[in-house]
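Okay, here's what each chain looks like letter by letter:
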There are 2 protein chains.
Amino acid sequence: MIEEYFREKIQKVDAFLYEQIKQKDAPDELTESMLYSVEAGGKRLRPILLLATMEAFGQNAERGLPIACAVEMIHTYSLIHDDLPAMDDDDLRRGKPTNHKVFGEAMAVLAGDALLTLSFELVAGIEDRHVSSQMKSDLVARLARSAGAEGMVGGQSADLRAEGRTLSPEELENIHLHKTGKLLSFPVEAGALLAGAAPGQIDLLNQFSRHLGLAFQIRDDILDVEGDTRRMGKSAGSDENKQKSTYPQLLTMEGAKQKLAYHLCEAKQCLHQLDINYRRLDEIADYIVQRNR
Amino acid sequence: MIEEYFREKIQKVDAFLYEQIKQKDAPDELTESMLYSVEAGGKRLRPILLLATMEAFGQNAERGLPIACAVEMIHTYSLIHDDLPAMDDDDLRRGKPTNHKVFGEAMAVLAGDALLTLSFELVAGIEDRHVSSQMKSDLVARLARSAGAEGMVGGQSADLRAEGRTLSPEELENIHLHKTGKLLSFPVEAGALLAGAAPGQIDLLNQFSRHLGLAFQIRDDILDVEGDTRRMGKSAGSDENKQKSTYPQLLTMEGAKQKLAYHLCEAKQCLHQLDINYRRLDEIADYIVQRNR
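Now for a quick tour of the structure. Treat the numbers as computed from the prediction; the structure is a model and nothing was measured. (Residues numbered from 1 in each chain as written. Chains lettered and ligands numbered in written order. Predicted model: local features only at pLDDT ≥ 70, side-chain atom pairs only at ≥ 80, totals over all residues. Heavy atoms only, no water.)

**Section: unusual backbone geometry**
Working step 1: For Arg44 of chain A, which is not a glycine, the phi torsion comes out positive at approximately 55°.
Working step 2: Inspection of the secondary structure puts Arg44 of chain A in the loop between helix H2 (28-39) and helix H3 (45-56).
Working step 3: The exposure class of Arg44 of chain A is buried, given its relative accessible area of 1%.
Working step 4: Although it is not a glycine, Arg94 of chain B adopts a positive phi angle of roughly 55°.
Working step 5: Mapped onto the fold, Arg94 of chain B is located in the loop between strand S1 (92-93) and strand S2 (96-97). (Helix = DSSP H or I, 4+ residues; strand = E, 2+ residues; numbered from the N terminus. Buried < 20%, exposed > 50% of the residue type's maximum accessible area, 1.4 Å probe, protein only.)

Structure, rendered in structure tokens:
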């Protein structure tokens, strides 16, 4: 049961994640603000992708916890900054008031900055005799590329400038490949690197996670139209209100669902070419296209 | 002449800094926003401290450029976020409109995030046969600690919560040790580490930069009262308007100037115990307490 698998992994990720923040000698309110958003939960999809990739290679997933949590910190910081009045101006996230609603905008900016910074400290400070210093700095650089101007932040900037304008499907895909794709691909690649995967295997996994990231985003867009606010913990219909281009809008709902099925199929084809124990990754892919929140 | 030395170093730092940002494959407006604030200039004190420390050990300063520029990126990102309406709400920085005044608040948040992220990519990606992978990840971790919840961002949070309240001199010092001190100490320590300094030398240099950081902040507070807006490129008297505690306020102007002289003296005493060519560091310390902007 994938739900059971998720529950078990989430428990380990959460414990590690909270501990990293609590052990910092920081002003109380900053710590509270960081913890607030991290504890708001969420699917922990990025950490779980990393742990499941390591297990697919027969590795102990616990070794992946520091990097898994670093990615989740970056994901969380991006949500805190995204929700700010100057950005998406959201009051609700994962069913709770957004960070700036509770701690004020200034503290929310700083909590985001601190989480981003901590993520790199975590990766650079990995203590694992199977991880060389060379690999640590390589992982820091890859994480930064996935999260920064050429990755997630680049995608957010492009998204910002696209508001109020109708995009071509290619433009929309390019935004999503950066905005959500890069930080979904990183944990799969990092897990494979930690597991000592061969370049050919990493290549297939990168194709897998590229399709997975697009499927994730299309499902998000569909949920924004069809989902209900209570279950999602954020406001349904918010994309339309913000005049953002979405897949259902550009391709019709039918077209968006076809595209979702296509990317799931492609993702699985890549995965199934690999001589690894990919069962959990397969189930995660199914979960991503079927999820209701 | 220290001015000549500064000019020469600034040229090298700037060229390297701009190149790092320009070579990124990022959306144009994000690149422009990042460059705008980085090109706004400033004293480049942190990079110069690193380069001067390396030279004090007889090393080629050029080797220090990646880390010097990483620190300057973090300094610049902190100014962009600090100037936001939700934080200090400043319209003017280094004589130019602040980033959010030109690019909007959302892009300013993202430009700051991207600069912070890029700084770690830069350190992790150092290509220098004298710098081991072990040292690279060590430097990433140290930079993150100096910049994050236990360092600069922690100091900013404490500063935020201190507004409108009169602090004790000890509280004020503690805020400054974090808010400005940590990111001024890091380049001195990083320069020493790159130069292969002995632990005892690093210890003395850390004491030196601790006093230097406090002297820097006291001078800043004095300038905020005595300086003129035009020369500083930011509004004089802004601390008082924001009801921030300052050294002149807590200790009188006379007391603040005495404390400034004390920290300069202590900084120099640490420096002069070192068997290195500390002339430039000595001159930088003098510059810090005499500067008019």
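Back to the write-up after that little detour.
**Quick word on helix H6 (residues 105-124) of chain A**
Working step 1: For H6 of chain A, built from 20 residues, the straight-helix expectation of 28 Å at 1.5 Å per residue is met to within 8% by its first-to-last C-alpha distance of 29 Å.
Working step 2: Burial analysis of H6 of chain A places 19 of its 20 residues in the buried class, which makes it a mostly covered element. (Expected span 1.5 Å × (residues − 1).)

**Re the packing of aromatic side chains**
Residues and elements named next belong to chain A.
Working step 1: Under the definition given, this model contains 5 aromatic pairs over all chains.
Working step 2: Consider the rings of Phe6 and Tyr287, whose centres lie 4.9 Å apart with planes at 50°: the pair is tilted. With a gap of 281 residues between them, Phe6 in helix H1 (residues 2-22) and Tyr287 in helix H14 (residues 279-290) connect regions that are remote in the sequence.
Working step 3: Residue class for Phe6 comes out buried when judged on its relative accessible area of 8%.
Working step 4: Between Tyr36 and Phe103, the aromatic rings sit 5.6 Å apart at their centres with planes inclined by 70°, giving edge-to-face as the arrangement. Here Phe103 lies in helix H5 (residues 99-103) and Tyr36 lies in helix H2, a separation of 67 residues in the sequence.
Working step 5: Tyr36 gets classed as buried once you look at its relative accessible area, which sits at 16%.
Working step 6: A relative accessible area of 12% means that Phe103 is categorised as buried.
Working step 7: The lysine or arginine in question, Arg46, covers the ring of Phe216, its NZ or CZ lying 5.8 Å from the ring centre.
Working step 8: For the cation-ring pair, Arg291 lies above Phe216, with the distance from its terminal atom to the ring centre recorded as 4.1 Å. (Phe/Tyr/Trp six-rings, centres within 6.5 Å; stacked < 30°, edge-to-face > 60°. Lys NZ or Arg CZ within 6 Å of the ring centre and 35° of its normal.)

**Digging into the packing of H3 of chain A against helix H9 (residues 169-194) of chain A**
Residue and element names in this part refer to chain A.
Working step 1: With their axes 8 Å apart at the nearest point, H3 and H9 run at an angle of 25° to one another. In terms of orientation, H3 and H9 fall into the roughly parallel class. In this structure, H3 crosses over H9, and the sense of that crossing is right-handed. Contact residues: H3 offers Leu45, Arg46, Leu49, Leu50, Thr53 and Met54, while H9 offers Leu183, Leu184, Pro187, Val188, Ala190, Gly191, Ala192 and Leu194. (Axes fitted to C-alpha atoms, helices over the stretch in contact; angles between N-to-C directions. Parallel < 35°, antiparallel > 145°, perpendicular 65-115°, else oblique. Left-handed = near helix turned anticlockwise from the far one by under 90°. Contact = heavy atoms within 4.5 Å.)

**Brief notes about the relation of the copies chain A and chain B**
Working step 1: When chain A is fitted onto chain B, the two copies agree to an RMSD of 0.0 Å after a turn of 180° and an axial shift of 0.0 Å. In symmetry terms, the pair is related by a two-fold rotation axis.
Working step 2: Most of the interface of chain A is mirrored in chain B, where 100% of its interface residues again form contacts. (Least-squares fit on C-alpha atoms with pLDDT ≥ 70 in both.)

**So, helix H8 (residues 152-162) of chain B**
Working step 1: A large share of H8 of chain B lies buried, amounting to 9 of its 11 residues.
Working step 2: Met152, Val153, Gly154, Gly155, Gln156, Ser157, Asp159, Leu160 and Ala162 of chain B are the residues of H8 of chain B that are buried.
Working step 3: In this structure, the buried residues of H8 of chain B make contact with H2 and H6 of chain A together with helix H4 (65-83), helix H7 (133-147) and helix H9 (169-194) of chain B.
Working step 4: Phi turns positive one or two residues past the end of H8 of chain B, at Gly164 of chain B, with a value near 80°.

**A word on the side chain of Thr180 of chain B**
Working step 1: Residue position: Thr180 of chain B is located in helix H9.
Working step 2: What Thr180 of chain B contacts, discounting residues up to four positions off in sequence, is Gly213 and Gln217 of chain B.

Any functional reading would require information beyond the geometric quantities listed.
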